[in-house]
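Each chain is listed here by its residues.
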Amino acid sequence: MLVKKTSGTYLFVLVTIALLAGPASAFEQYSQNKDTTNCRECHGDFRAASYTGPNGMNWGVNLHDLHRSTMLSDDCNTCHTGSSRFPVLLASSNGGTGFAKIGCTGCHGRSQDSGSVGLRQHHYRNGVTVCEDCHGDANPANFAPVAENLPPQYYFTPDGAHPNKPTNPCNVPAGSENFAGPATALDNDGDNLYDGNDPDCATTPTPTATATQVTPTSTPTATATATGTLGPATASPTGTASATTTPTGSPTATGTSFACAGDCDEDKKVAINELIVGVNIALGSAGLNDCPSFDTSGNTKVDINELVKAVNNALNSCPKS
Ligand SMILES: [Ca+2]
Ligand SMILES: [Ca+2]
Ligand SMILES: [Ca+2]
Ligand SMILES: [Ca+2]
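Residues numbered from 1 in each chain as written. Chains lettered and ligands numbered in written order. Predicted model: local features only at pLDDT ≥ 70, side-chain atom pairs only at ≥ 80, totals over all residues. Heavy atoms only, no water.

(A) Structural view of the nonpolar core. Among the nonpolar cores identified, the biggest contains 14 residues, and Val270, Leu275, Ile281, Phe294, Val302 and Leu307 are the most heavily contacted of them. For this core, the secondary-structure elements that each account for two or more residues are α6 (272-283) and α7 (304-316). Examining the composition of this core, we find that four residues originate from one element, α6, more than from any other. If near-sequence neighbours (up to four positions away) are discounted, isoleucine 281 is found in contact with Ala286, Gly287, Leu288, Cys291, Phe294 and Val302. Leu63, Leu66, Leu72 and Tyr155 belong to the second-largest nonpolar core, a separate cluster that totals 11 residues. (Core = buried A, V, L, I, M, F, W, Y, C linked by side-chain atoms within 4.5 Å. Buried < 20%, exposed > 50% of the residue type's maximum accessible area, 1.4 Å probe, protein only. Helix = DSSP H or I, 4+ residues; strand = E, 2+ residues; numbered from the N terminus. Contact = heavy atoms within 4.5 Å.)

Structure follows, in structure tokens:
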């Protein structure tokens with residue numbers, strides 16, 4: 001293993017500590033043990049009779065009932081796992097009727113981002129910077145989430161099993177994302193601008209990827225261009241692929257999408273040898289080309305928070321997307 005002295009030792013120790021620490025102390029569940037830890041430290045008991053938000057506003061409703069009854073028509077498995085009601089994991093569940101098994105992130109995140117980045121940046125912009133200790137993408141300087149108007153995965157419509165679930169991140173028509181509390185709903189992309197007040201909502205929702213094929217007229221060359229918001233890169237990644245083919249061929253376009261930090265071979269797993277590649281890129285003894293998926297911020301370097309993210313992916317499996 002190619003680890004240089006000084007900073008290399010530091011990185012190796014860091015990776016080792018992260019491996020040993022494991023997810024036990026992480027915010028991957030609403031509370032550690034039904035106590036004032038993780039999300040519950042600031043958002044309180046999810047089942048409290050009357051929810052008071054972190055900034056002191058009382059919603060006059062029970063957050064548990066607002067979610068499970070009002071929005072989800074009592075589909076408990078949307079958030080709950082196994083036969084027990086505890087713990088409640090943030091990104092995994094048994095899966096409600098017709099829903100992917102991704103729990104809270106089904107509404108509090110978008111599949112084009114790696115997990116609930118907008119939610120974390122909303123915290124960051126409201127002075128809660130603790131998320132950045134473990135999620136580099138919590139800092140808006142490190143990651144650009146997709147726009148407010150792109151719907152979370154559970155917002156598809158129509159749905160007979162949950163006729164009152166949220167459907168539109170711009171809250172159009174009114175009441176399609178907002179059900180209680182302040183007149184606003186969710187700041188899906190974490191820029192502190194909500195729903196219709198976010199300029200992203202002035203445009204009609206854009207498809208996540210478009211492909212145009214220029215049909216060749218006389219020469220047997222076809223070009224395909226794909227643009228879209230694919231994966232956690234800062235800039236909007238634009239991939240271009242050209243294929244030389246017969247006029248009847250349908251060339252496929254490939255954009256660069258790194259859904260899982262550290263997953264060099266894109267098998268949806270991060271193996272130890274892949275982590276070592278990341279450490280070597282960070283140290284300069286390997287090039288970013290050896291595994292571009294480490295550079296989730298797109299700054300052409302591998303930073304420590306990106307290594308930590310990869311370690312987390314190795315421990316907890318890649319984010320579902
Ligand atoms: Ca925005
Ligand atoms: Ca509201
Ligand atoms: Ca917003
Ligand atoms: Ca919204």
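(B) Main features of the coordination of the calcium ion (ligand 1). The protein atoms donating to the calcium ion (ligand 1) are Asp189 (OD), Asp191 (OD), Asp198 (OD), Asp198 (OD) and Asp200 (OD), with metal-donor distances spanning 2.1 to 2.7 Å. Positions of the donor residues of the calcium ion (ligand 1), expressed as sequence spacing, correspond to D-x1-D-x6-D-x1-D. Between the calcium ion (ligand 1) and the calcium ion (ligand 3) the interatomic distance comes to 4.2 Å, and aspartate 189 is a ligand of both metals. What makes aspartate 191 partly exposed here is its relative accessible area of 24%. Under the relative-accessibility criterion, aspartate 200 is labelled partly exposed at 23%. (Donors = N, O, S within 2.8 Å, 3.2 Å for Na, K, Ca; no water.)

(C) View of the environment of cysteine 201. Tracing the backbone shows cysteine 201 in the loop between α5 (117-125) and β1 (209-214). On the basis of relative accessibility, which here comes to 17%, the residue cysteine 201 falls in the buried class. Considered as a pair, cysteine 201 and asparagine 171 are 30 residues apart in the sequence and their alpha carbons are 9.3 Å apart. Those residues in contact with cysteine 201 that lie beyond four places of it in its chain are Glu148, Asn149, Cys170, Asp195 and Gly196.

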